[in-house]
Amino acid sequence: MARPIKHDGGLYRRPESKIWWMQYRDRTGERQRESTGTEDWDEAQRILRERLQARDNNTLPSLRRGREISFADWVDFFLENFSKPPFRAEKTHEANERAVKHLRVAFDKCRLADMTADDVDAYVRGRLKQRVQVKAKDGVIHKGQIKATTVHQEFRVLRRILNVAVRKRFLAANPCSGVEFPMRVDGLFRPHYMNWSEQKKIESKAPEYLKNVIQIITETGLRIYKELATIRKEQLDLENATVWIPDSKTENGVAEVPLTEIAMEAFRRQLAIAGSSPYLFPSEDNPDTHQKSFKSAWRATLRRAGVAYFRIYDLRSTYATRLSAGGVADEFVTQLLRQGDAKVFKKYSQMKLQMKREALQKLNRNANEGGKGSDTGRPNHKGSDTVLTQ
């Protein structure tokens, strides 16, 4: 029997390394030493506590198996079981495969448990310095520097891959959590809020079917490709003002969605456009299949309307923002969005801030000054709000 020790576990640093390592005894009393993969002491303490808890709950072998799995094997498992439809959309799977091509070059020979925050940070910084390479008949053509958004997408895919390993208890913690992206990436996670006048301007230049898309999403919050583009006519119930969503990105997404009058009118117009196709948004090439993309039409419409480009997916964010700005509680808006939790409002808060800034632009700094129309103590009988004298 192993002799008792004074402490249940501890942290230490190796010479010439900033990464915290942990030592503890397993259920048999044998001493174990492992890297926490982080430079943060509090995070390392949390990882040590998780490891000790796994030992006490007899789930430590799962974590230990992570030391035997290579990154290459785990990526293959992830792509096969957590990336392909129906678990994720086909386009998401394609994006994951593109990112994995570059991740394999850096981590293919590495064991899953040996990956550290330093390794991930070195990969990110190295990729930001590389140039785009295009294969041609005469060889490889080097173009401009790789965009930060491209590297950030690869970083997000790596984080997602390792998060699954953490949930499966093959990793104590995700080494990506100890990495801060070294530069600002403009436009990420800052959805565009489309105000009403901008919406009308866009709709005036949009083809009829795209106008219907805009109105339906901003009135229902449907996901553009996973839910709206694939809608079949039998899913629509105009008599009860609902549309049934049988397949979605999340479990909460499968639900009956209520419709407003504007959404119902847009659906009626689209039914007339769809003709004999079983889908509400049939493909132009084959009416028996649904529309696969709206990006080209969306980009052209914004250009004709003279509106700066923003993603068509931001129409869903506009729906959420309008609900929130109208006084609907965040918890209830989360249910209307059919999201798993309220964390989604972290990004919508940026848009509410934008709306506040727009309101500040209307601030009347000449109030209570002398001159025509400055008598703020009198009621305004033209329908505007009364301003009280202070």
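Above: the structure in question.
Below or above, wherever it landed, is the structure these notes cover. This is a predicted model, so every value here is computed, not measured.

Reading the values: rules and limits
Residues numbered from 1 in each chain as written. Predicted model: local features only at pLDDT ≥ 70, side-chain atom pairs only at ≥ 80, totals over all residues. Heavy atoms only, no water. Helix = DSSP H or I, 4+ residues; strand = E, 2+ residues; numbered from the N terminus. Buried < 20%, exposed > 50% of the residue type's maximum accessible area, 1.4 Å probe, protein only. Contact = heavy atoms within 4.5 Å. Areas by Shrake-Rupley, 256 points an atom, 1.4 Å probe, with all protein chains shown as cover. Phe/Tyr/Trp six-rings, centres within 6.5 Å; stacked < 30°, edge-to-face > 60°. Lys NZ or Arg CZ within 6 Å of the ring centre and 35° of its normal. Axes fitted to C-alpha atoms, helices over the stretch in contact; angles between N-to-C directions. Parallel < 35°, antiparallel > 145°, perpendicular 65-115°, else oblique. Left-handed = near helix turned anticlockwise from the far one by under 90°. Nonpolar A, V, L, I, M, F, W, Y, C, P; charged D, E, K, R; others polar. Patch = residues over 30% accessible without salt bridge, like charges linked within 9 Å, V, L, I, M, F, W, Y side chains within 5 Å. Salt bridge = Lys/Arg side-chain N within 4 Å of Asp/Glu carboxyl O. Expected span 1.5 Å × (residues − 1). Pairing = 2+ DSSP bridges.

1. Thoughts on the overall build of the protein
- In terms of helices and strands, the protein carries 14 helices and 8 strands.
- A burial count over the protein gives 40% of its 390 residues as buried.
- Looking at the protein alone, contacts between residues at least 24 apart form 57% of all its contacts between residues at least 6 apart.
- Split by element, the accessible area of the protein, about 23700 Å² in all, is 49% carbon and sulfur.

2. Some points on the packing of aromatic side chains
- Within the structure shown, the criterion is met by 11 aromatic pairs.
- Ring plane angle 85° and centroid distance 5.3 Å describe the contact between W298 and F310, whose orientation is recorded as edge-to-face. Of the two residues, W298 sits in helix α11 (residues 295–305) while F310 sits in the loop between α11 and α12 (314–325), which places them 12 residues apart along the sequence. Across the pair, F310 and W298 agree in class, each one buried.
- Note that R14 overlies the ring of W21, its terminal NZ or CZ placed 3.5 Å from the centroid.
- Taking the ring centre of Y309 as reference, the NZ or CZ of R299 above it sits at 4.2 Å.

3. What about the packing of α12 against helix α13 (residues 330–337)?
- Remark: α12 packs on α13, axes separated minimally by 10 Å, with the N-to-C direction vectors making an angle of 150°. In terms of orientation, α12 lies roughly antiparallel with respect to α13. Once α12 is placed against α13, the crossing between them reads as right-handed. Across the interface between the two elements, R316, Y319, A320, L323 and S324 from α12 touch D330, V333, L336 and L337 from α13.
- The class makeup of the residues in the contact of α12 with α13 is 6 nonpolar, 1 polar and 2 charged.

4. Observations regarding unusual backbone geometry
- The phi dihedral of E16 falls on the positive side, at around 60°, and the residue is not glycine.
- With respect to the helices and strands, E16 occurs in the loop between β1 (9–13) and β2 (20–25).
- Residue class for E16 comes out exposed when judged on its relative accessible area of 88%.

5. What to know about a nonpolar patch on the surface
- A cluster of nonpolar side chains, V132, V134 and I141, forms an exposed patch at the surface whose accessible area comes to about 200 Å².
- As for its placement among the helices and strands, I141 is situated in strand β5 (residues 139–145).

6. Some details on helix α5 (residues 117–129)
- For α5, which comprises 13 residues, the first-to-last C-alpha distance of 19 Å matches the rise-based estimate of 18 Å (1.5 Å per residue) to within 8%.
- Looking at the buried positions of α5, the neighbouring elements they touch are α4 (90–107), β5 and α6 (148–167).

7. Quick word on the sheet that holds strand β7 (residues 242–245)
- One open sheet accounts for 3 strands, arranged β6-β7-β8; its pairing is antiparallel. Either end of the sheet is taken by a strand with one partner, and the two such strands are β6 (236–237) and β8 (255–258).
- Both β7 and β8 contribute to a ladder of 4 bridges, which runs antiparallel. What sits directly across from W244, in β8, is E256.

8. Description of the sheet that holds β2
- One open sheet accounts for 3 strands, arranged β1-β2-β3; its pairing is antiparallel. Edge positions in the sheet fall to β1 and β3 (31–35), since each has one partner strand and no second. On average, adjacent strands in this sheet sit at an angle of 25° to one another, irrespective of strand direction.
- Summarising the sheet, β2 and β3 pair through 5 bridges and their orientation is antiparallel. Looking at the pairing, R25 lines up with R31 of β3.
- Sitting on the sheet, helix α1 (residues 41–56) touches β1, β2 and β3, and the angle it makes with β2 is about 25°.

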